[in-house]
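# Architecture at a glance
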Amino acid sequence: MRKPWPIPAGYILTIACILFLTTAALSDIAIGRRLAGELSTFSSKMVLLVPCIFILIGLLDAWIPQTWIERHIGEGSGLRGALYVTLLAMFQGGPLYGAFPTAHLLQKKGCSKRNVFLYLGAFSSLKIPMTLFEVSFLGWRFALIRAAIALPVFILIAEIMAVFATDPESRLDT
Amino acid sequence: MPKDMILISVTLVALAASAAIDRKRTMRGLKSGYRMLVRLLPQFLLLLILVSAFLTVVPQEVLVEFLGRQSGVVAPLAAAVLGSIALIPGPIAYPLAGALHQSGVSTTAVAVLVTTLMMVGVLTFPVEKEYFGARTACLRNLLSFVGALIIGLLVGVVM
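Everything in this summary refers to the structure shown in the same document. It should be emphasised that the depicted structure is a prediction, and the values quoted were computed from it without experimental measurement.

### Overview of the pattern of salt bridges
- For the structure on display, the rule yields 7 salt bridges over all chains.
- Among the ionic pairs, arginine 146 of chain A bridges to glutamate 134 of chain A, the shortest N-O distance being 2.7 Å. Of this pair, arginine 146 of chain A sits in helix α8 (residues 140–164) while glutamate 134 of chain A is found in helix α7 (residues 128–138), placing the two residues 12 residues apart along the sequence.
- The class of arginine 146 of chain A is buried, set by a relative accessible area of 1%.
- Residue classification places glutamate 134 of chain A among the buried positions, given a relative accessible area of 2%.
- Glutamate 128 of chain B is the salt-bridge partner of arginine 140 of chain B, the closest N and O atoms lying 2.5 Å from each other.

Shown next, in the form of structure tokens:
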């Protein structure tokens with residue numbers, strides 16, 4: 001396991017950013033105001049989404065027994081396991097970075113690597129809420145054809161990842 | 001945004017149901033969720049600042065306009081690079097993709113753009129790496145990039 005930096009890069013960058021914004025505000029630099037605008041748009045969304053995601057992950061962690069995951073979507077769970085993770089992904093929403101915590105949790109609890117990466121693939125493109133958007137702006141034909149072509153590609157990617165991905169790292173667990 | 005409201009209500013309902021059934025277990029879940037959040041906070045801050053800085057320097061409208069001017073083989077490739085870097089949420093991305101399609105951007109390029117936007121994340125790499133390690137995250141993004149190009153080409157052929 002790698003030794004963590006004394007201060008994570010994220011914090012250093014945050015301080016640098018605050019300093020920059022303060023300087024920009026004091027000396028009236030236009031780009032500072034634009035950056036502040038983008039920051040507030042994006043962070044107003046994250047402030048709501050991120051805590052929700054982690055509350056749900058924590059609850060999943062506490063409620064879903066490891067044995068269930070191992071039996072149904074673990075190694076050797078076959079087609080049914082793949083179907084389960086695809087369905088799980090389809091009924092979720094939000095950006096992909098919100099799915100990493102769930103994927104990691106599944107992996108930690110014994111979900112097979114193949115199914116973890118199939119989950120991420122399905123999450124990225126087969127979510128039902130997003131498909132509704134896709135249908136309304138690009139049409140049924142486009143959405144269905146893209147989904148039908150994407151699924152086998154995701155399965156292939158998951159197979160390759162299952163061979164080459166490193167084992168789950170435990171540095172996120174306390 | 002109504003989509004955010006759904007996530008918030010689902011969270012609240014799940015939390016209430018969980019607490020009603022087993023308060024101790026709920027507390028344990030909240031604690032583990034909180035620990036994970038604290039661990040990842042620097043990465044989320046990094047993501048927040050990188051994305052905002054990127055959008056400040058290169059506004060999304062400029063990117064999309066750029067894509068609209070490309071043609072031939074360059075268009076899907078430009079769409080792939082653009083989709084990998086940009087972080088446009090679905091409710092905005094699909095109307096944009098629809099507009100691009102109508103203004104003459106090829107089906108292949110549009111499919112590539114939509115797929116890479118969702119699958120490949122250069123800016124979210126710092127977060128992904130924390131969960132799966134740099135090597136795995138890198139591999140997943142590379143494979144997804146190639147996969148998106150294949151998906152786009154096939155969609156273009158079939159449509």
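Additional details are given in the paragraphs that follow.
### A few points about the interface of chain B and chain A
- Contact residues are listed per partner, giving 75 residues for chain B and 68 residues for chain A.
- Between chain B and chain A lies a buried interface of about 6700 Å² when both sides are counted; carbon and sulfur atoms form 76% of it.
- On the chain B side of the contact with chain A, Tyr94, Tyr131 and Phe132 of chain B bury the most area, a combined 11% of that side's loss.
- Where chain B packs against chain A, one counts 0 salt bridges.
- If you look at where chain B meets chain A, you find 9 residue pairs in polar contact (both at pLDDT 80 or more).
- Contributing elements (two or more residues each) for the side of chain B that touches chain A: α1 (2–21), α2 (23–57), α5 (90–102), α6 (107–119), α7 (125–132) and α8 (134–158) of chain B.
- Take the side of chain B that touches chain A: its biggest share by element is 27 residues, from α2 of chain B.
- Across the side of chain B that touches chain A, the residue classes break down as 45 nonpolar, 18 polar and 12 charged.

### What to know about a nonpolar patch on the surface
Residue and element names in this part refer to chain A.
- Taken together, the side chains of Leu83, Leu87, Phe91, Ile128 and Leu132 define a hydrophobic patch exposed on the protein surface, amounting to about 500 Å² of accessible area.
- When contributions to the nonpolar patch are tallied by element, the ones reaching two or more residues are α4 (78–90) and α7.
- Among the structural elements, leucine 83 can be located in helix α4.

Rules and cut-offs
Residues numbered from 1 in each chain as written. Chains lettered and ligands numbered in written order. Predicted model: local features only at pLDDT ≥ 70, side-chain atom pairs only at ≥ 80, totals over all residues. Heavy atoms only, no water. Salt bridge = Lys/Arg side-chain N within 4 Å of Asp/Glu carboxyl O. Helix = DSSP H or I, 4+ residues; strand = E, 2+ residues; numbered from the N terminus. Buried < 20%, exposed > 50% of the residue type's maximum accessible area, 1.4 Å probe, protein only. Contact = heavy atoms within 4.5 Å. Buried area = accessible area lost by both parts, 1.4 Å probe. Polar contact = N/O pair within 3.5 Å; in protein donor to acceptor, adjacent residues only side chain to side chain. Nonpolar A, V, L, I, M, F, W, Y, C, P; charged D, E, K, R; others polar. Patch = residues over 30% accessible without salt bridge, like charges linked within 9 Å, V, L, I, M, F, W, Y side chains within 5 Å. Areas by Shrake-Rupley, 256 points an atom, 1.4 Å probe, with all protein chains shown as cover.

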